[in-house]
Amino acid sequence: VELITKKGNHRWARTIGKANYLNGKVVGISGTIQNTTEQKKVEEEIKKRNKELFEAKEKAEESDLLKSAFLANMSHEIRTPMNGIMGFTDLLEDPDTSQDERKRYTSIVRSSGERLLELMNNLIDYSKSEAGQMMVSKTNVDITEIFDRLDGMFHREIEIKKIDLTFHNESQQRLVFTDLNFFESILINLIKNAIKFTDQGFIKVNCKN
């Protein structure tokens, strides 16, 4: 049982007792009361530790699943630009390939190479994150410059899918104090996902206060 003292302190006790009868009536109770407050504290601490261990185990298992999914997806993502580079390199070596086709194939190879480089950078960032070595370096970042750079970066992909990609800065300021690499990487991933899952229509990237 839990007891509360006159001073308002909480105590725990284990009670064992029995009623004393006289002529069929209860005339008293005899027994013992054992103070188990410290034992209760130990039990509660053990429960808390067990809960923390269980949650840590679940997080570790979830982390392993996420790592496996990430690496499996990354393996697929790497193969895609690699196949593009190898395939179009063979076409470039074909003597029957026209000059216009060579320009188009070269553009695709360059785009695939840029995609492969980006994937390698993502893998490096992931490794740094796992090792706790990610460094944040904040500076004044020009939103308009980033939008212009991303517009050029995704121009080819947008052309191929025949959808529109527009950037708008409705904010009253052009500068944002943040980490340029992280900020740009987040935008790139968001736009790439948008392009991947957009078969028609448009994608709009907007900055507001």
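Whatever comes next refers back to the structure up there.
Residues numbered from 1 in each chain as written. Predicted model: local features only at pLDDT ≥ 70, side-chain atom pairs only at ≥ 80, totals over all residues. Heavy atoms only, no water.

Caption draft 1: Main features of the sheet that holds strand β3 (residues 25-35). Here we have 3 strands laid out as an open sheet, ordered β1-β2-β3, and antiparallel in their pairing. Strand pairing shows two members of the sheet lacking a second neighbour, β1 (2-4) and β3, which therefore form its edges. With strand direction ignored, the average angle separating the axes of adjacent strands in the sheet is 50°. Across the sheet, helix α1 (residues 37-93) is in contact with β2 (10-22) and β3; its angle to β2 comes to roughly 130°. (Pairing = 2+ DSSP bridges. Helix = DSSP H or I, 4+ residues; strand = E, 2+ residues; numbered from the N terminus. Axes fitted to C-alpha atoms, helices over the stretch in contact; angles between N-to-C directions. Contact = heavy atoms within 4.5 Å.)

Caption draft 2: Geometry of the nonpolar core. The biggest cluster of nonpolar side chains holds 17 residues, and the ones touching the most others in it are F147, L150, F154, L165, F167 and I191. Those elements giving two or more residues to this core turn out to be α3 (143-153), β5 (164-169), α5 (180-196) and β7 (202-207). Excluding anything up to four places from it in sequence, L165 contacts D151, F154, I158, I191, I203 and V205. (Core = buried A, V, L, I, M, F, W, Y, C linked by side-chain atoms within 4.5 Å. Buried < 20%, exposed > 50% of the residue type's maximum accessible area, 1.4 Å probe, protein only.)

Caption draft 3: Examining the pattern of salt bridges more closely. With the rule as written, the count across this model stands at 9 salt bridges. Here K40 and E44 are joined by a salt bridge, their closest N and O atoms 3.6 Å apart. Separated by 4 residues within a single helix, K40 and E44 lie in helix α1, roughly one turn from each other. A residue is classified by how much of its surface remains accessible, and E44, at 39% relative accessible area, is partly exposed. E157 is the salt-bridge partner of K192, the closest N and O atoms lying 3.3 Å from each other. With K192 in helix α5 and E157 in helix α4 (residues 155-161), the pair connects residues that are 35 residues apart, well separated along the chain. One continuous salt-bridge network, built from bridges that share partners, spans E45, R49 and E52. (Salt bridge = Lys/Arg side-chain N within 4 Å of Asp/Glu carboxyl O.)

Caption draft 4: Inspection of the environment of D151 at higher detail. Within the secondary structure, D151 sits in helix α3. Residues D151 and F167, spaced 16 residues apart in sequence, show a C-alpha to C-alpha distance of 7.6 Å.

Caption draft 5: Just the packing of α3 against α5, in detail. For the pair α3 and α5, the least separation of the axes is 11 Å and the interaxial angle reads 40°. With respect to their mutual orientation, α3 and α5 come out oblique. Taken as a pair, α3 and α5 cross one another with a handedness that is right-handed. For the pair α3 and α5, contact is made by I143, I146, F147, R149, L150 and M153 and by L180, F183, E184, L187, I188 and I191, respectively. Of the residues that constitute the contact of α3 with α5, the class distribution is 10 nonpolar, no polar and 2 charged. (Parallel < 35°, antiparallel > 145°, perpendicular 65-115°, else oblique. Left-handed = near helix turned anticlockwise from the far one by under 90°. Nonpolar A, V, L, I, M, F, W, Y, C, P; charged D, E, K, R; others polar.)

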